[in-house]
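# Results of the structural survey
If you want the building blocks of each chain, they are given just below.
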Amino acid sequence: QVQLVESGGGLVQPGGSLRLSCAVSGSISSFYVMGWYRQVPGKQRESVASITSGGSTSYADSVKGRFTISRDNAKNTLYLQMDSLKPEDTAAYYCNVLMVGSTSWGQGTQVTVSS
């Protein structure tokens, strides 16, 4: 079983930056996809960015050029660097690990972009 704990959310002004972290523990297979999702009340959870076990990354069009996903295998941590934040980036952000036969979610961390 995989456990995920997000941190790094908070209140930031438009144009500012935040870095989210997701500490990963448990048994991770050789092939996986790790990702960040976000959700606002009343809307579906949406994919923000993902990274495969091979290192390939992908981003939602709305965050391309502003967000960067990365991982530190030595620290078992997934990151999301968020720059040039906009009010529409306000959401609860969730970390996810997808492996064959299983998916795990963190508890979420709130990001609020407001002046």
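For the structure given in this document, a descriptive report is provided here. (Residues numbered from 1 in each chain as written. Predicted model: local features only at pLDDT ≥ 70, side-chain atom pairs only at ≥ 80, totals over all residues. Heavy atoms only, no water.)

## Quick notes on the sheet that holds strand 3 (residues 18-26)
Just so we agree on the cut-off: Two strands are counted as paired when DSSP detects at least two bridges linking them. Secondary structure is summarised from DSSP: a helix means a run of H or I of at least four residues, a strand means a run of E of at least two, and numbering begins at the N terminus for each. In this description, a line fitted to the C-alpha atoms serves as the axis of each element, helices being fitted only across the stretch in contact, and the angle between N-to-C directions of two axes falls anywhere from 0 to 180 degrees.
Here we have four strands laid out as an open sheet, ordered 1-3-8-7, and antiparallel in their pairing. Two strands in the sheet have a free side with no partner beyond their single neighbour: strand 1 (2-7) and strand 7 (67-72). This sheet shows a mean twist of 15 degrees between the axes of neighbouring strands, independent of strand direction. In this sheet, strand 8 (residues 77-82) lies alongside strand 7 in antiparallel orientation, the contact comprising six bridges. Note that in strand 8 the partner of Ile-69 across the bridge is Leu-80.

## Considering the pattern of salt bridges
Short version of the rule: One speaks of a salt bridge when a side-chain nitrogen belonging to Lys or Arg is within 4 Å of a carboxyl oxygen belonging to Asp or Glu. Between buried and exposed lies partly exposed: a residue is buried under 20% and exposed over 50% of the maximum accessible area for its type, with that area taken using a 1.4 Å probe on protein chains only.
Inspection of every chain in the model, using the stated rule, returns four salt bridges. Notably, a salt bridge pairs Arg-38 with Glu-46, separated by 2.7 Å at the nearest N-O pair. Assessed through its relative accessible area of 37%, Glu-46 is described here as partly exposed. For Arg-66, the salt bridge is made with Asp-89, and the minimal N-O distance between the two is 2.8 Å. Note that Arg-66 is positioned in the loop between strand 6 (57-59) and strand 7 and Asp-89 in the loop between strand 8 and strand 9 (91-99), a separation of 23 residues in sequence. For the pair shown, Arg-66 and Asp-89 are each scored as buried. Connected via shared salt-bridge partners are Arg-38, Glu-46, Arg-66 and Asp-89.

## Focus on the packing of aromatic side chains
This is how the line gets drawn: Whether two aromatic rings pair depends on their centres lying within 6.5 Å, for rings of Phe, Tyr and Trp, where Trp uses its six-membered ring; planes under 30 degrees apart make the pair stacked, over 60 edge-to-face, and the rest tilted. Geometrically, a charge over a ring is one whose NZ (Lys) or CZ (Arg) sits within 6 Å of the ring centre while staying within 35 degrees of the ring normal.
Within the structure shown, the criterion is met by one aromatic pair. Arranged with centres 4.9 Å apart and planes meeting at 70 degrees, the rings of Tyr-37 and Trp-105 form a pair that is edge-to-face. In this pair, Tyr-37 sits in strand 4 (residues 32-39) while Trp-105 sits in strand 10 (residues 102-105), placing the two residues 68 residues apart along the sequence. Taking relative accessible area as the criterion, Trp-105 reaches 37% and is therefore assigned partly exposed. Note that Arg-45 overlies the ring of Tyr-94, its terminal NZ or CZ placed 3.7 Å from the centroid. Geometry around Trp-105 places Arg-45 over its ring, the cationic atom sitting 4.6 Å from the centre.

## Remarks on the environment of Gly-54
Relative to the assigned elements, Gly-54 resides in the loop between strand 5 (46-52) and strand 6. Here the alpha-carbon distance between Gly-54 and Gly-106, two residues 52 residues apart in the chain, equals 22 Å.

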